[in-house]
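Okay, here's what each chain looks like letter by letter:
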Amino acid sequence: MKSLLLALALLGAPVFADIAPEPAPPAEPTPPAPPAPAPAPSHPQGIEKAMGSGVIQGGWEYVYAAYILGAVGVLGYAASLYARRPKPSENAP
Amino acid sequence: MPAFVPLILLVVVLGAMVAHVAVASVRPWLWKAVAALGVVLFIGLWYLGLFYAPPEAFMSNVGRILYVHVPNIWMAFLAFGLNVGCAFAYLMKKSWVTDALAEASAEVGILFGAVGVAMGSIWARPTWGVWWDWDPRLISTTVMLLAYVGYLALRSFTEDPERRATWSAAVGILSGVSLPITYYSVRWWNSLHQVQSTTASVDKTMGSVLLWGLVTLLCFFFPFMVKRYEIARANQTAAMALPPLEPRPEAA
């Protein structure tokens with residue numbers, strides 16, 4: 001009897017082969033890897049120096065730009081006043 | 001630099017401005033002397049602002065922009081305040097002198113205000129991280145400048161001189177409302193822009209350089225006003241000298 005059941009199972013396997021197999025369970029998305037921890041700030045003089053002093057560093061290009069803008073503004077307006085100056089004939093009473 | 005040096009220069013420049021108004025004989029040359037002094041002081045301002053003044057505690061060298069930014073804004077307030085005064089004076093007693101002064105002060109104020117705002121934007125980039133921030137001080141200053149641009153636009157669109165003077169005087173007074181709003185905006189609202197400093201809160205060296213910048217720009221403010229006033233008076237004279245329009249000939 002057992003042999004008969006085994007034979008039936010072996011013979012019936014191809015019959016059920018065309019039935020769509022159970023879909024494989026969806027693969028769970030792998031969780032993103034946790035970001036690597038930021039390296040601890042290092043500075044030869046200690047962590048306080050590594051964190052910065054809160055003072056703006058550099059910035060000279062902005063300073064020069066502002067001073068040059070001031071000069072250009074003054075010179076440009078002076079030139080415009082000179083160009084628009086009233087002509088002597090316009091000053092006649 | 002001793003602190004009294006810019007103070008003495010300030011007294012000299014203010015005295016020259018009073019002399020220009022009061023003494024007619026000095027008018028042809030006094031503005032030239034003040035302008036020449038302004039050029040010398042401007043060179044000095046470059047040295048003082050870029051090298052002599054110490055770096056600010058938190059802004060470091062970027063704080064040197066304040067020595068040109070703040071005086072420009074002060075000149076704008078001075079010019080617009082003069083415009084409001086001339087507007088009131090014209091409405092009380094019509095005079096082409098006050099009308100010409102009002103026109104000159106509006107244009108000069110727009111110059112210094114626009115340059116000051118641009119300098120402030122340059123300063124804001126490294127300190128605030130942005131070129132522009134819609135905070136109360138910046139908005140109110142922009143509104144103030146645009147109001148006076150509109151003032152000049154109104155003057156250019158109005159052909160009749162007397163109507164132009166009256167209308168622009170009214171607009172000038174309305175635009176003047178923006179002056180105290182702009183000045184007190186940093187106190188009335190939460191503004192990223194810092195509140196006004198006082199003599200007690202500013203380092204003496206920095207204060208003296210700031211005063212030097214004020215005197216320098218005053219030396220340019222005065223000749224700009226003189227020349228722009230002359231242009232305005234010439235335009236008035238030309239407008240009133242125009243012949244009346246010919247009436248259309250009647251059909252025979």
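The structure presented is a predicted model; accordingly, all values stated were derived computationally and were not measured.

Criteria and thresholds
- Residues numbered from 1 in each chain as written.
- Chains lettered and ligands numbered in written order.
- Predicted model: local features only at pLDDT ≥ 70, side-chain atom pairs only at ≥ 80, totals over all residues.
- Heavy atoms only, no water.
- Helix = DSSP H or I, 4+ residues; strand = E, 2+ residues; numbered from the N terminus.
- Buried < 20%, exposed > 50% of the residue type's maximum accessible area, 1.4 Å probe, protein only.
- Areas by Shrake-Rupley, 256 points an atom, 1.4 Å probe, with all protein chains shown as cover.
- Contact = heavy atoms within 4.5 Å.
- Lys, Arg positive; Asp, Glu negative; His and termini not counted.
- Charge placed at Lys NZ, Arg CZ, Asp CG, Glu CD.
- 1 Å grid on protein atoms, 1.4 Å probe; cavity = no way out; pocket = protein on both sides within 12 Å on 5 of 7 lines; lining within 4 Å.
- Points joined across faces, edges and corners; volume = space filled by probe spheres on them.
- Nonpolar A, V, L, I, M, F, W, Y, C, P; charged D, E, K, R; others polar.
- pLDDT = per-residue confidence, 0-100.
- Buried area = accessible area lost by both parts, 1.4 Å probe.
- Salt bridge = Lys/Arg side-chain N within 4 Å of Asp/Glu carboxyl O.
- Polar contact = N/O pair within 3.5 Å; in protein donor to acceptor, adjacent residues only side chain to side chain.
- Axes fitted to C-alpha atoms, helices over the stretch in contact; angles between N-to-C directions.
- Parallel < 35°, antiparallel > 145°, perpendicular 65-115°, else oblique.
- Left-handed = near helix turned anticlockwise from the far one by under 90°.

Peer 1: Just checking my understanding: could you explain the overall build of chain A for this structure?
Peer 2: Counting its regular elements, chain A contains three helices and zero strands. Listed by position from the N terminus, the elements making up chain A come as α-α-α. With 93 residues in all, chain A has 14% of them scored as buried. Total accessible area on chain A stands at roughly 7800 Å², and carbon and sulfur atoms take up 70% of it.

Peer 1: Looking at this structure, how should I read the overall build of chain B?
Peer 2: Of the regular secondary structure elements, chain B holds eight helices and zero strands. Ordered by position from N to C terminus, the α and β elements of chain B give α-α-α-α-α-α-α-α. Across its three principal directions, the C-alpha atoms of chain B cover 85 × 45 × 30 Å. Residue burial in chain B is summarised as follows: out of 252 residues, 47% are buried. Long-range pairs, those at least 24 residues apart, make up 78% of the contacts in chain B between residues at least 6 apart in sequence. Element-wise, carbon and sulfur atoms account for 71% of the exposed surface of chain B, whose accessible area totals about 12800 Å². Here chain B contributes 16 positive and 13 negative side-chain charges, whose respective centroids are spaced 7 Å apart.

Peer 1: I keep staring at empty space enclosed by the protein and nothing clicks. Help me out?
Peer 2: To find the voids left in a structure, one rolls a probe of water-molecule size over its atoms. All told, the structure shown has two cavities of 30 Å³ or more when counted by the stated rule. Considering only enclosed or pocket space, the largest cavity measures out at about 90 Å³ in volume. Together, 13 residues line the largest cavity, and G70(A), V74(A), N72(B), M119(B) and L217(B) are the ones closest to its centre. Contributing elements (two or more residues each) for the lining of the largest cavity: α3 (60-83) of chain A together with α2 (27-52), α3 (66-92) and α4 (96-128) of chain B. Tallied by class, residues from the lining of the largest cavity come to ten nonpolar, three polar and no charged. Looking at the second largest cavity, the residues that line it are C86(B), A87(B), Y90(B), T98(B), D99(B), A102(B), Y151(B), R155(B), A165(B), S168(B) and A169(B). A per-class count over the lining of the second largest cavity returns seven nonpolar, two polar and two charged.

Peer 1: How should I be thinking about the confidence of the model for chain A in this particular structure?
Peer 2: Caution applies to low-pLDDT parts of the model: their predicted coordinates are not meant to be read in detail. For chain A, per-residue confidence averages 73 on the pLDDT scale, and residues scoring 70 or more make up 53% of the total. The spread of mean pLDDT over the elements of chain A runs between helix α2 (residues 47-50) of chain A, the lowest at 53, and α3(A), the highest at 94.

Peer 1: Whenever I open this one, the interface of chain A and chain B confuses me. Can you help?
Peer 2: Where interface size is given, it is often the accessible area lost as the parts come together that is meant. Counting from both sides, the interface comprises 27 residues of chain A and, opposite them, 34 residues of chain B. When chain A packs against chain B, close to 2600 Å² is buried across both sides, 78% of that on carbon and sulfur atoms. On the chain A side of the contact with chain B, I56(A), Y62(A) and Y67(A) bury the most area, a combined 29% of that side's loss. The tally of links between chain A and chain B comes to one salt bridge. The closest approach of N and O atoms between E107(B) and R84(A), which form a salt bridge, is 2.6 Å. Our count for the chain A to chain B interface comes out at three residue pairs in polar contact (both at pLDDT 80 or more).

Peer 1: When you look at the packing of α3(B) against α4(B) in this model, what are you seeing that I'm missing?
Peer 2: Relative placement of two packed helices is described by the angle separating their axes and the distance separating the axes. Residue and element names in this part refer to chain B. Between α3 and α4, the shortest axis-to-axis distance is 7 Å and the interhelical angle comes to 155°. Viewed along their axes, α3 and α4 adopt a mutual orientation that is roughly antiparallel. Here the hand of the crossing between α3 and α4 comes out left-handed. When its residues are assigned to classes, the contact of α3 with α4 shows 22 nonpolar, nine polar and one charged.

Peer 1: Can you walk me through the environment of I231(B) in this structure?
Peer 2: Tracing the backbone shows I231(B) in helix α8 (residues 204-240). The exposure class assigned to I231(B) is buried, which follows from its relative accessible area of 6%. Once the C-alpha coordinates of I231(B) and K204(B) are considered, the two residues, 27 residues apart in sequence, prove to be 40 Å apart. Apart from the residues lying within four places of it in its own chain, the contact partners of I231(B) are L81(A), R84(A), R85(A) and P86(A).

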